[in-house]
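Take a look at the letters that make up each chain.
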Amino acid sequence: MSQASDSRDPVHSDAPVQADPLSSVTGWRFTNPFTESLPGDANEHNGRRQVHGAAYSFVSPAKVDEPRLVAHSREVAEMLDLGSEAASDPLFVEVMAGNHVLEGSEPFAMAYAGHQFGNWAGQLGDGRAISLGEVSTHLAGTQMLQLKGAGPTPYSRTADGLAVLRSSIREFLCSEAMHHLRIPTTRALSLVTTGEYVARDMFYDGNVQMEPGAIVCRVSPTFVRFGSFELPASRHDVGLLRKIAVHTITQHFPHLLDGSGSASPAQIGPDQYLAWFVEVRDRTARLMAEWMRVGFVHGVMNTDNMSILGETIDYGPYGWIDDFDPNWTPNTTDFSHRRYRFAQQPQVAHWNLMQFANAIFPLVDDVERVTAALDGYVDVYQSHWRSAVQAKLGLGEELPGDAELADTCFSLLQRVETDMTIFFRALGSAALDAAIGESRAIADVMGPAIYRPEEWSRDDVEATVSWIELWHERVSSTGREPAERRASMNASNPKFVLRNHLAQVAIDKAHEGDFSEVERLLELVRHPYDEQPGMDEYASKRPEWARTRAGCSTLSCSS
Ligand code: AMP
Ligand code: MG
């Protein structure tokens, strides 16, 4: 059973027309609606500065010495109409490294602002991401291509505009892992090493190292963020704010217009802006429930890292929960306040939506309606989360008592150090049994998921076993066949996630010039819900060495 080919995947859907695949990126047709319809920066020099009255600045990617394509995603290539040979074309790597600009591509960096760690940070913008433009595809509409780490832009502030290999591998693999988990995300087409070295002080402690440089080509219909609206709003530039909103709605939310999506911008008024806000709210709420479902911690949920499409965007110091610890954050920059810890992500998204609501407020200009729409987030999130938990536990339609059953489960997971992913997957197998007793509950469910069995007291054992028995009784009452129960639970409980230590092993090997583990992980994450016989070591508990190793348990924003 492959859960990966879901109906939202344009590549696998019942696509209407499939044109011949392109043998080279030279066949791409750039339409560039973002730069065509929005005002750009009149100053065309890459120099760092405040940019006013513009949504973007045209920039040229920096040229690199020795670009090498070390990995690419075939699904993303297909989504972009490329045939299987297109990535072997020498021009492909030149384009993905920013060395060659294709005809029709007019590279630019977006202007945006943001709240970082709860504080207003003013203008940020694409400091090291350069968009090549928007390609019109047969299967996936218009897709924006963006090179992350392709050199400085007017928005680079004091930084170098570059990216290092370790963070680029993490972004490349995690984008694809998320997609196959059926979670909205920006995609990654390619991973290129530049042949150049970049200075990084990984933990901001004066220990500067030279690290290999790399560039990821990210792909999404748009990279517009909450911060894209906060920038003009902060400058009281309502004209520009409206233009970016109109562009975003007509291009990416056309169903909110007259049904045909053909309404003229003049027809977009307060009702449409409010409906748009509500949809962004709903998509964001769903995204949060999805992150919580699989144990993903973003790590830097600043408003400049919140996609207007409700996609996961900007993979920096993210991490995956191994043991279920609601307070865990991988981000060392956030250790003192833990603002972006696992369990707080839904609330942070709500706070970020409030900043977004404030920014677009002049377009709606109705305190009561905006406040009501913002307040509605809590119920929408709760409803997504409740259904995710019902599915994880195999319970189907919610009955009285289910919420308490789930709450008890989550508190038991914290009582002793328990691996979240392994626990839920094991529960799925236990759903096959006609009955479950103490020894099965311990041997098959808790045993494989517990990190320190020696710390397990008799009370812990009893509480856990009685919960498993209670759950088993409830799951058996659904009337579903055991095999069906397990299949449905497995579809919500991945066996394979991109555990922090797995990515780190791939990074260590890549630093020695061996990219085979990157390839293996890319293959692995394509089918996260499948059993994948022979790959069990990739589904096992975090090894002890990874408990404290940098890159596994701790990551910084330095990338
Ligand atoms: P982040 O929190 O990583 O999404 O980045 C916050 C801001 O810093 C964004 O405006 C980035 O474009 C910018 N930034 C991060 N790293 C660099 C870099 N190496 N060079 C230039 N700008 C950067
Ligand atoms: Mg960012």
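Here the structure is a predicted model, which means the values were calculated and not measured. (Residues numbered from 1 in each chain as written. Chains lettered and ligands numbered in written order. Predicted model: local features only at pLDDT ≥ 70, side-chain atom pairs only at ≥ 80, totals over all residues. Heavy atoms only, no water.)

Colleague: Quick one: what's the story with the pairing of strand S5 (residues 119-123), residue by residue and with numbers?
Modeller: Note that strand S4 (residues 113-116) and S5 share three bridges and pair antiparallel. Opposite histidine 115, over in S5, you have tryptophan 120 as the bridge partner. The antiparallel pairing of S4 with S5 creates a hairpin that spans two residues between the two strands, and phenylalanine 117 there sits at a positive phi of about 50°. (Pairing = 2+ DSSP bridges. Helix = DSSP H or I, 4+ residues; strand = E, 2+ residues; numbered from the N terminus.)

Colleague: Tell me about helix H7 (residues 270-294), residues and numbers included.
Modeller: Here H7 spans 36 Å end to end across 25 residues, near enough to the 36 Å set by a 1.5 Å rise per residue. Count one or two residues on from H7 and you reach glycine 295, which has phi positive near 80°. (Expected span 1.5 Å × (residues − 1).)

Colleague: Go over the coordination of the magnesium ion (ligand 2) with me, naming the residues and quoting the values.
Modeller: Protein-derived coordination of the magnesium ion (ligand 2) comes from Asn305 (OD1) and Asp314 (OD), at a distance range of 1.8 to 2.2 Å. Note on accessibility: asparagine 305 and aspartate 314 belong to one class, buried. (Donors = N, O, S within 2.8 Å, 3.2 Å for Na, K, Ca; no water. Buried < 20%, exposed > 50% of the residue type's maximum accessible area, 1.4 Å probe, protein only.)

Colleague: Describe the environment of glutamine 532, naming the residues involved and giving the relevant values.
Modeller: Structurally, the position occupied by glutamine 532 is in the segment after helix H17 (516-524). Separated by 37 residues in sequence, glutamine 532 and lysine 495 have C-alpha atoms that sit 9.0 Å apart. Discounting residues that sit within four places of it in the chain, glutamine 532 has contacts with Phe496, Leu524 and His527. (Contact = heavy atoms within 4.5 Å.)

Colleague: Describe the domain arrangement of the chain, with residues and values.
Modeller: Its domain assignment divides the chain into domain 1 (10-224), domain 2 (232-388), domain 3 (395-490) and domain 4 (500-546). Each of domain 2 and domain 4 was reduced to a C-alpha centroid, and the two centroids are 31 Å apart. (Domains from an automatic or database assignment.)

Colleague: Describe empty space enclosed by the protein, naming the residues involved and giving the relevant values.
Modeller: Under the counting rule described, the total for this entry stands at five cavities of 30 Å³ or more. If you add up the space inside the largest cavity, you get close to 60 Å³. Taken together, 13 residues make up the lining of the largest cavity; nearest its centre are Val64, Gly149, Leu162, Thr194 and Glu196. Elements with a minimum of two residues in the lining of the largest cavity: strand S8 (187-201) and strand S9 (208-220). (1 Å grid on protein atoms, 1.4 Å probe; cavity = no way out; pocket = protein on both sides within 12 Å on 5 of 7 lines; lining within 4 Å. Points joined across faces, edges and corners; volume = space filled by probe spheres on them.)

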